[in-house]
Amino acid sequence: MKVVIVLILTLLSVAAAQNDDCGDGFSLVGSACYKIPDELLGWYDAMDHCRNLVHSNGMKAALARVETCSQLHSLWEFIKGGYPIVDYWLGGTTTMDPSGAFRWDSTGELVPMGVPFWFPGQPDFPSTQETGLSLSKTGYFADEEAHIKQKFICQLL
Ligand SMILES: [Ca+2]
């Protein structure tokens, strides 16, 4: 009986993680519509992949933004509910700002810094070296070298 209950709960959590509330495979997570493709790509190729995911209703997509504490919490719960605990590219980059600050590629706004967004000690490399923003397997932000092929999160704009 216990096994059956665990199995049902597991199936429910997978179904919840892969809901289609936003249509075209995008899931409503907190206040955003996210999609986690199967591919492993570097930051730039991941951004191109997201930009090519035009929704059937005409909405465009880009690598995801996470701008509030509650949104970070919702996204991490979504990942834990049906996706691997690995590093995921987000849409932040140091390459748009002469000072090397992290900005969201899709809006140009500054990425929030410090607690509770970033893992302690991150970002830990010069902005010219680890230019991509990752939601790391710790559940917090980290700077990573943009050529690294990893999973990524797209968001409807
Ligand atoms: Ca780092």
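Per chain, residue numbering runs from 1 following the sequence as it is written. Predicted model: local features are reported for residues with pLDDT of at least 70 only, side-chain atom pairs are reported and counted for 80 or more only, and whole-chain, interface and lining totals are derived from all residues. Only hydrogens and water are set aside when side-chain values are computed; all heavy atoms of the structure are taken into account.

Caption draft 1: Fine view of the environment of D97. Locating D97 in the fold gives a position in the loop between β4 (88–93) and β5 (103–104). The spatial distance from the C-alpha of D97 to the C-alpha of L110 is 9.4 Å, given a sequence separation of 13 residues. Beyond its immediate stretch of four places on either side in the chain, D97 contacts R103 and L110. Side-chain polar atoms of D97 contact the side chain of S99, separated by 2.8 Å. Counting from the N terminus, the helices are the DSSP runs of H or I reaching at least four residues and the strands are the DSSP runs of E reaching at least two. By the convention used here, residues are in contact when the closest approach between their heavy atoms is within 4.5 Å. A 3.5 Å cut-off defines polar contacts: any pair of N or O atoms within that distance qualifies, except that in protein one atom must be a possible hydrogen donor and the other a possible acceptor, and neighbouring residues in sequence count only when both atoms are side-chain atoms.

Caption draft 2: Geometry of helix α2 (residues 43–51). Summary of the burial criterion: residues with accessible area below 20% of their type's maximum are buried, those above 50% are exposed, and those between are partly exposed, where the area comes from a 1.4 Å probe applied to protein chains only. Residues W43, A46, M47 and C50 constitute the buried set of α2. One face of α2 carries all of its buried residues, which in axial projection span an arc of 100°. Starting at the helix axis, one direction is taken to each C-beta atom, and the arc is that of these directions.

Caption draft 3: Broad picture of the state of the cysteines. By convention in this document, the label disulfide applies to cysteine sulfur atom pairs within 2.5 Å. For the coordinates displayed, the defined rule picks out two disulfides. There is a disulfide in this structure between C22 and C33, and the S-S distance comes to 2.0 Å. Judged by the sign of its S-S torsion, about -75°, the cystine formed by C22 and C33 is left-handed. Remark: C33 occurs in strand β2 (residues 32–35) and C22 occurs in the loop between α1 (2–17) and β1 (27–29); sequence separation between them is eleven residues.

Caption draft 4: Structural view of the pattern of salt bridges. Any carboxyl oxygen of Asp or Glu that lies within 4 Å of a side-chain nitrogen of Lys or Arg is treated as forming a salt bridge with it. For the structure on display, the rule yields five salt bridges. In this structure, R103 and D97 form a salt bridge, with 2.6 Å as the shortest nitrogen-oxygen distance. When its relative accessible area of 11% is taken as the criterion, D97 is described as buried.

Caption draft 5: Local environment of the pairing of β2. Bridge count between β1 and β2: three bridges; the pairing is antiparallel. Its bridge partner being in β2, S27 is matched across the sheet by Y34. Two strands pair if DSSP finds at least two bridges between them. Linking two consecutive strands that pair antiparallel, namely β1 and β2, is a turn of two residues; a positive phi of about 60° is found at G30 within it. Note: β2 against strand β9 (residues 154–156), two bridges, orientation antiparallel. For K35, the partnering residue across the bridge sits in β9 and is C154.

Caption draft 6: Spotlight on the packing of aromatic side chains. Centres within 6.5 Å are what make two rings of Phe, Tyr or Trp a pair, Trp counting through its six-membered ring; a difference in plane orientation under 30 degrees is then read as stacked, over 60 as edge-to-face, and the rest as tilted. Applying the stated rule across the entire model yields six aromatic pairs. Look at F102 and W118: their rings are 5.3 Å apart centre to centre, the planes differ by 55°, and that puts the pair in the tilted class. Pair noted here: F102 is in the loop between β4 and β5 and W118 is in the loop between β5 and β6 (132–135), with a separation of 16 residues, a long-range link. Given the relative accessible area of 5%, F102 is considered buried.

Caption draft 7: Geometry of the sheet that holds β2. Read across the sheet, four strands follow the order β1-β2-β9-β3 without closing on themselves; strand pairing throughout is antiparallel. Each having just a single partner strand, β1 and β3 (61–63) make up the two edges of the open sheet. Here the strands of the sheet are splayed against their neighbours by 40° on average, with no regard to which way each runs. As a rule, the C-alpha atoms of each element are fitted with a line to give its axis, helices using only the stretch in contact, and angles between N-to-C directions run from 0 to 180 degrees. Of the strands in this sheet, β3 and β9 touch α2, which is tilted by about 165° from β3.

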